Amino acid sequence: MKRYIALATLLLAGCAKSPTPPADTGETAAATVSAPDTSAADTTSADTTSDTSADTTVTEETYDSSGVQGTPTVTSDEFAWADAYRDMIYSDDLAYVPDMFSLYDMTGDGIPELILSAGDWHGAGAEIYTYDGTEVRQLASERYGETMTSFGSWGTMLYSPSGGFIVSSFMAMGQINMDIYRVNGDSITHEINAYCYMGEDFRTDDPDDFAEIYEIGGEECTAEEYDRMMQKYSAYDLMVYGREYAMNEDILQKKFGDEYSDQAVRYTDMPGYDDIIAKMREGWFPPYMRVQLQRRADDREGDQEYFTVDGHEYEYAEADKTLSDLETSDFHKVANDLTAGVFASDGGIYFVSAGHDGDGVRECVYSFDEGVWVIDSTHDIVDGRYYTDEFEGYMGEGLLQFTVSLAGAEE
């Protein structure tokens, strides 16, 4: 049953284009976007460094929160990527005006990639940009002779930090067309295409004829072969990236023009690019740096994985519905879950679980920051509403929506 729950999660991300697959080429490409001079270049120049002393603060000309150039701010090489990304966003190099974004270090070099949302509609994917210390480059992959620069759908993509792969899928009219892309350093390689169709058999004239078609890499296969291949990926954590944070107001006004006032409600109380970077400069750790899914070296089929929050080890045992602190041996029995996972909301990290408890609905929320259960209550379904507003508030941001109970993948 766990496999099918995970497969449903996999299918949350669509791909902008899904051509019929011939043989996999395995090639990788990268598109380059030139970036103006960054803070790294400004603060390390000969003129600047020769005049600095222990009593001097090094500053540079950059942008303030309204996009006006000329406000001096303290910078360092550590955040050169932030200035380079911002310069690109404000340039005319992009083919669209982004409204939302995410940050995640997909390449493992200590510098987060910028994941831009192309829009909030089915055909819009997420684009990935990386900074190598000199320029901003767009990451792309060759897929059956076509260069893919957009991944996912509805402006988001699915990525597995522990598995190191991107899931991009398309669902329509009974068919599921899914692509897996492997992230290797600063390159992306297309790994496999999986296709299945369940519905009317259009190969016959009888509308009552039902067809089940499964393909891997363009070659027809059995349902069992398809399931085995999918299980290798469904056993990993999956996070949704692309639409976590809003762009600054001037970018949003540029995108929506005279209609911005009607669109602004969706970005209410959502931090913008400058807000996030300012918090990081002050020492704020984004949730993606705080939570990691872990695997034991002796994992066997059916073993539970564990995860860490700020280095502290926890485990969610699906079999007996408990959240355990592996360092103190404390455990708490949670809801007979319809949903369970680790979520970020309002800057905090929470374990969230909900499900039936007798005739009622039990909701459980644990705050890792406070070390307490902020919600553990049972209520009736009222007017068809399953979750309470208080419970839903902890899932609003959804930055770390991954189930932490999946067993290791079958070989």
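Residues numbered from 1 in each chain as written. Predicted model: local features only at pLDDT ≥ 70, side-chain atom pairs only at ≥ 80, totals over all residues. Heavy atoms only, no water.

Engineer: An account of helix H8 (residues 273-281) is needed here, citing residue identities and associated values.
Structural biologist: Turning to H8, its buried residues are Tyr-273, Asp-274, Ile-276, Ile-277 and Met-280. Within H8, the buried residues cover an arc of 165 degrees as seen down the axis, which keeps them to one side. Looking at the packing, one finds that the buried side of H8 touches helix H4 (80-90), strand S4 (100-104), strand S5 (113-117), strand S16 (245-246) and helix H9 (287-290). After H8 finishes, the residue Gly-283 shows a positive phi value of roughly 105 degrees. (Buried < 20%, exposed > 50% of the residue type's maximum accessible area, 1.4 Å probe, protein only. Helix = DSSP H or I, 4+ residues; strand = E, 2+ residues; numbered from the N terminus. Arc of directions from axis to C-beta. Contact = heavy atoms within 4.5 Å.)

Engineer: Report on unusual backbone geometry, specifying residues and quantitative values.
Structural biologist: Unlike most non-glycine residues, Asp-310 shows phi in positive territory, near 55 degrees. Along the chain, Asp-310 falls in the loop between strand S18 (306-309) and strand S19 (312-317). Phi at Ser-329 takes a positive value of approximately 70 degrees, unusual for a residue other than glycine. Within the secondary structure, Ser-329 is located in the loop between strand S20 (322-325) and strand S21 (331-333). Given a relative accessible area of 60%, Ser-329 falls into the exposed group.

Engineer: Mind laying out the nonpolar core, listing which residues take part and the relevant values?
Structural biologist: Counting 49 residues, the largest nonpolar core has Leu-114 and Ile-166 as the members making the most contacts within it. At seven residues, H4 tops the list of elements feeding residues into this core. One finds Val-309, Tyr-316, Val-342 and Phe-368 within the second-largest nonpolar core, a separate group that totals 17 residues. (Core = buried A, V, L, I, M, F, W, Y, C linked by side-chain atoms within 4.5 Å.)

Engineer: Describe the sheet that holds S19, with residues and values.
Structural biologist: Pairing in this open sheet of five strands is antiparallel, and the strands run S17-S18-S19-S20-S21 from one edge to the other. The sheet terminates laterally at strand S17 (291-294) and S21, the two strands that pair on one side only. Across this sheet, the average inter-strand angle for adjacent strands is 20 degrees, counted without regard to direction. Here four bridges tie S19 to S20, and the two strands are oriented antiparallel to one another. Pairing of Tyr-316 across the sheet is with Leu-323, part of S20. (Pairing = 2+ DSSP bridges. Axes fitted to C-alpha atoms, helices over the stretch in contact; angles between N-to-C directions.)

Engineer: Break down the pattern of salt bridges for me, with residues and values.
Structural biologist: In the structure shown here, the tally under the stated rule is 13 salt bridges. Arg-243 is the partner of Asp-99 in a salt bridge, and the nearest nitrogen-oxygen pair spans 3.1 Å. Of the two residues, Asp-99 sits in the loop between H4 and S4 while Arg-243 sits in the loop between strand S15 (239-241) and S16, which places them 144 residues apart along the sequence. For Arg-266, the salt bridge goes to Asp-120, with nearest N and O atoms at 4.0 Å. A residue pair is termed long-range when its members are at least 10 positions apart, and Arg-266 in the loop between helix H7 (260-263) and H8 and Asp-120 in the loop between S5 and strand S6 (126-131) qualify at 146 residues. Among the charged side chains, a salt-bridge network with shared partners connects Arg-290, Asp-310 and Asp-369. (Salt bridge = Lys/Arg side-chain N within 4 Å of Asp/Glu carboxyl O.)

Engineer: Give a description of H4 that names residues and reports values.
Structural biologist: For H4, the buried fraction is high: 10 of the 11 residues fall into the buried class. Along H4, the residues classified as buried are Ala-80, Trp-81, Ala-82, Asp-83, Ala-84, Tyr-85, Arg-86, Asp-87, Met-88 and Ile-89.

Engineer: How would you explain the environment of Met-247 if you had to name every residue and give the values?
Structural biologist: Topologically, Met-247 is positioned in the loop between S16 and helix H6 (249-256). Overall, the relative accessible area of 4% leaves Met-247 in the buried class. Separated by 146 residues in sequence, Met-247 and Phe-101 have C-alpha atoms that sit 7.2 Å apart. Those residues in contact with Met-247, other than ones at most four positions away along the chain, are Ile-89, Pro-98, Asp-99, Met-100, Phe-101, Leu-116, Leu-252, Gly-272 and Tyr-273.

Engineer: Could you give an account of the environment of Ser-141, naming the residues involved and the relevant values?
Structural biologist: When you line up the elements, Ser-141 lands in strand S7 (residues 136-143). By relative accessible area, which is 0% here, Ser-141 ends up buried. Considered as a pair, Ser-141 and Tyr-181 are 40 residues apart in the sequence and their alpha carbons are 8.0 Å apart. Looking at Ser-141, its side chain comes within polar contact range of the main-chain oxygen of Ile-188, at 3.3 Å. (Polar contact = N/O pair within 3.5 Å; in protein donor to acceptor, adjacent residues only side chain to side chain.)

Engineer: Quick one: what's the story with the packing of aromatic side chains, residue by residue and with numbers?
Structural biologist: Taken as a whole, this structure holds 19 aromatic pairs when the rule is applied. Their ring planes at 50 degrees and their centres at 5.5 Å tell us that Phe-101 and Tyr-245 sit as a pair that is tilted. Linking Phe-101 in strand S4 with Tyr-245 in strand S16, this pair joins segments that are 144 residues apart in sequence. The pair formed by Phe-101 and Tyr-245 is uniform in burial state, with each residue classed as buried. Residues Phe-307 and Phe-368 carry aromatic rings whose centres are separated by 6.0 Å and whose planes lie at 85 degrees to one another, so their mutual orientation is edge-to-face. On the criterion of sequence distance, the pair formed by Phe-307 in strand S18 and Phe-368 in the loop between strand S24 (360-367) and strand S25 (372-379) is long-range, its members being 61 residues apart. A relative accessible area of 0% means that Phe-307 is categorised as buried. Among the aromatic residues, those joined into a cluster by ring pairs are Phe-307, Tyr-314, Tyr-366, Phe-368 and Trp-373. Over the face of the ring belonging to Phe-256 we find Lys-255, whose NZ or CZ atom lies 5.7 Å from the ring centre. The residue whose ring lies beneath Lys-279 is Trp-284, and the NZ or CZ to ring-centre distance is 4.2 Å. (Phe/Tyr/Trp six-rings, centres within 6.5 Å; stacked < 30°, edge-to-face > 60°. Lys NZ or Arg CZ within 6 Å of the ring centre and 35° of its normal.)

Engineer: Which residues make up the side chain of Arg-137, and what are the values?
Structural biologist: Relative to the assigned elements, Arg-137 resides in strand S7. The exposure class of Arg-137 is buried, given its relative accessible area of 12%. Reaching out from Arg-137, the side chain makes a polar contact with the side chain of Asp-186 at a distance of 2.9 Å.

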